[in-house]
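# Coordinate analysis (summary)
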Amino acid sequence: PADGAEILEIREVAKQFRGLKALKGVSLSVDRGEIRGIVGPNGSGKTTLFNVISGFYKASGGQVSVAGRAVGGARPYRLSMLGVARTFQNLRLFADLTVRDNLLVALDRTRTRAIWRYALWPVAIWRQEHALNRQADDLLARFGLTEFADAPPGSLPYGIQRRIEIARAMAGSPRLLLLDEPAAGLNGEEVRRLAEIVRSIRDSGVTVVLIEHNMGLVMSLCERVTVLAGGEVIAEGTPAEVAGDRAVIEAYLGD
Ligand code: ADP
């Protein structure tokens with residue numbers, strides 16, 4: 001179906017690095033409006049899976065569909081055009097630009113007219129810039145970043161930088177947001193704030209898939225959890241179901 005319930009459908013995806021099979025036929029599907037957790041011991045293939053979904057890696061086999069469209073082999077910009085946004089485990093912000101500029105470069109300009117049409121029309125350019133700045137203001141306010149607008153991210157606390165990265169991913173108005181360990185390095189209060197932010201993103205109509213080691217966060221946030229180990233899905237279900245699963249407990253004992 002071109003427009004079914006699934007926003008993300010992964011079928012038998014494999015990824016091999018030389019001799020190493022990082023993903024061995026992973027299948028999973030995520031419904032629109034879900035908050036899905038991806039957990040598993042270190043080296044189980046979680047980030048590789050994100051890299052395949054977002055077009056950073058080409059799968060060695062299998063299929064990925066976003067909103068019913070096969071996207072296997074598509075480059076990251078194509079995935080971005082289809083509404084897939086992501087964050088990275090280690091932050092990738094422009095450390096020396098201001099927070100506002102970090103958001104402005106990522107804003108969705110498709111709703112305004114092509115800039116070249118205004119090349120001889122400075123007022124129109126000024127209006128477009130004004131509109132983009134208003135959108136940046138909205139994002140800053142929405143993610144509690146207004147007071148940091150003119151600071152470079154590199155000068156801000158780590159927890160704030162993580163929030164900027166989420167805000168930047170949201171600047172492109174995605175429909176699917178992939179968060180790679182968003183709680184890494186955050187303190188308890190920051191994790192609580194993160195949970196609120198992720199819920200508000202979902203409530204605005206965006207599907208969220210997160211890789212996360214913080215089990216408290218996964219338990220409180222995710223409706224369903226997919227567990228990877230050794231490049232395979234070993235369990236899937238509600239947080240309570242997978243937490244009690246024997247294969248999952250054994251996979252973590254070996255970690
Ligand atoms: P996780 O995110 O679950 O910790 P990864 O997806 O990062 O696991 O890694 C899965 C396996 O694939 C690991 O053995 C890792 O060393 C390997 N791997 C990941 N990326 C690469 C790469 N670019 N080149 C070679 N091996 C890789």
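For every chain, the first residue of the written sequence is number 1, and numbering continues from 1 onward in sequence order. A pLDDT threshold of at least 70 governs which residues receive local features in this predicted model, and a stricter bar of 80 or more applies before side-chain atom pairs are shown or counted, although totals over entire chains, interfaces and linings include all residues.

## Quick notes on the overall build of the protein
Each helix corresponds to a stretch of at least 4 residues labelled H or I by DSSP, and each strand to a stretch of at least 2 residues labelled E; elements are numbered beginning at the N terminus. For the protein, the helix and strand inventory stands at nine helices and 10 strands. Radius of gyration here is computed from C-alpha atoms only, and the compact-globule reference equals 2.2 Å multiplied by the residue count raised to the power 0.38. Its C-alpha radius of gyration of 19 Å places the protein within 12% of the 18 Å reference for a compact globule of 255 residues. Exposed residues have 12 or fewer other C-beta atoms within 10 Å of their own C-beta, buried residues have 20 or more, and residues in between are partly exposed; the C-beta atoms are placed from the backbone. Split into buried and exposed, the 255 residues of the protein put 35% on the buried side. Restricting the contact set of the protein to residue pairs at least 6 apart, pairs at least 24 apart contribute 66%. Whether two residues are in contact is decided by their C-beta atoms, placed from the backbone, lying within 7 Å.

## So, the site of the ligand
What surrounds the ligand is the set Phe17, Leu20, Ala22, Gly40, Asn42, Gly43, Ser44, Gly45, Lys46, Thr47 and Thr48. Counting only elements with at least two residues in the shell around the ligand, the list comes to β2 (20-31) and α1 (46-53). Under the grouping applied here, Gly and all other residues not named as nonpolar or charged are polar, the nonpolar ones being Ala, Val, Leu, Ile, Met, Phe, Trp, Tyr, Cys and Pro and the charged ones Asp, Glu, Lys and Arg. Here the shell around the ligand is built from residues that sort into three nonpolar, seven polar and one charged. Each residue receives a C-beta atom built from its backbone; the residue is near a molecule or strand if that atom lies within 6 Å of it.

## Topic: the domain arrangement of the protein
Annotation of the protein at the domain level lists domain 1 (1-83 + 176-188 + 206-255) and domain 2 (92-173). Throughout, the edges of the domains are those of an automatic or database domain assignment. The distance between the C-alpha centroids of domain 1 and domain 2 comes to 28 Å. Each partner contributes to the interface: domain 1 provides six residues, whereas domain 2 provides six residues. Residue classes in the side of domain 1 that touches domain 2 are distributed as three nonpolar, three polar and no charged.

## Examining the sheet that holds β2
A pair of strands is considered paired only if DSSP assigns at least 2 bridges between the two. Strand order in this open sheet of four strands is β2-β1-β4-β5, and the pairing throughout is antiparallel. One side of each edge strand has no neighbouring strand; the edge strands of this open sheet are β2 and β5 (69-70). Sheet analysis places strand β1 (residues 6-17) next to strand β4 (residues 61-66), joined by five bridges and oriented antiparallel. Each residue of the ladder has a partner; that of Glu9, found in β4, is Ser65. Against the sheet, α1 makes contact with β1, β2 and β4, and its axis sits at roughly 65 degrees relative to β2, the strand it touches most. Lines fitted to C-alpha atoms define the axes, with helix axes restricted to the stretch in contact, and inter-axis angles between N-to-C directions lie between 0 and 180 degrees.

## Things to note about the environment of Gly25
With respect to the secondary-structure elements, Gly25 resides in strand β2. Look past the residues within four positions of Gly25 in its chain and what remains in contact with it is Glu12, Ala14 and Gly62.

## Details of the nonpolar core
Defined on buried residues, the nonpolar core groups Ala, Val, Leu, Ile, Met, Phe, Trp, Tyr and Cys residues joined through C-beta atoms within 7 Å. Counting 63 residues, the largest nonpolar core has Ala167, Met170, Leu177, Leu178, Val208 and Val227 as the members making the most contacts within it. The element contributing the most residues to this core is helix α5 (residues 158-171), with six residues. Viewed by domain, this core spans two of them, domain 1 (1-83 + 176-188 + 206-255) and domain 2 (92-173), each represented by three or more residues. Apart from the residues within four sequence positions on either side, Leu178 is in contact with Phe50, Ile53, Ser54, Val84, Arg86 and Val209.

## A short note on the pairing of strand β9 (residues 224-229)
The two faces of the sheet receive side chains in turn, since in a regular strand these alternate between them. Counting buried residues in β9 gives five out of six residues, a clear majority hidden from the surface. As paired strands, strand β3 (residues 35-39) and β9 are joined by four bridges and run parallel to one another. Each residue of the ladder has a partner; that of Val39, found in β9, is Val227. Strand direction decides the pairing type here: β9 and strand β10 (residues 232-237), joined by five bridges, are antiparallel. Bridged to Val227 within β10 is Ala235. In sequence, β9 turns back onto β10 through a hairpin of two residues, with Gly230 there showing a positive phi of about 55 degrees.

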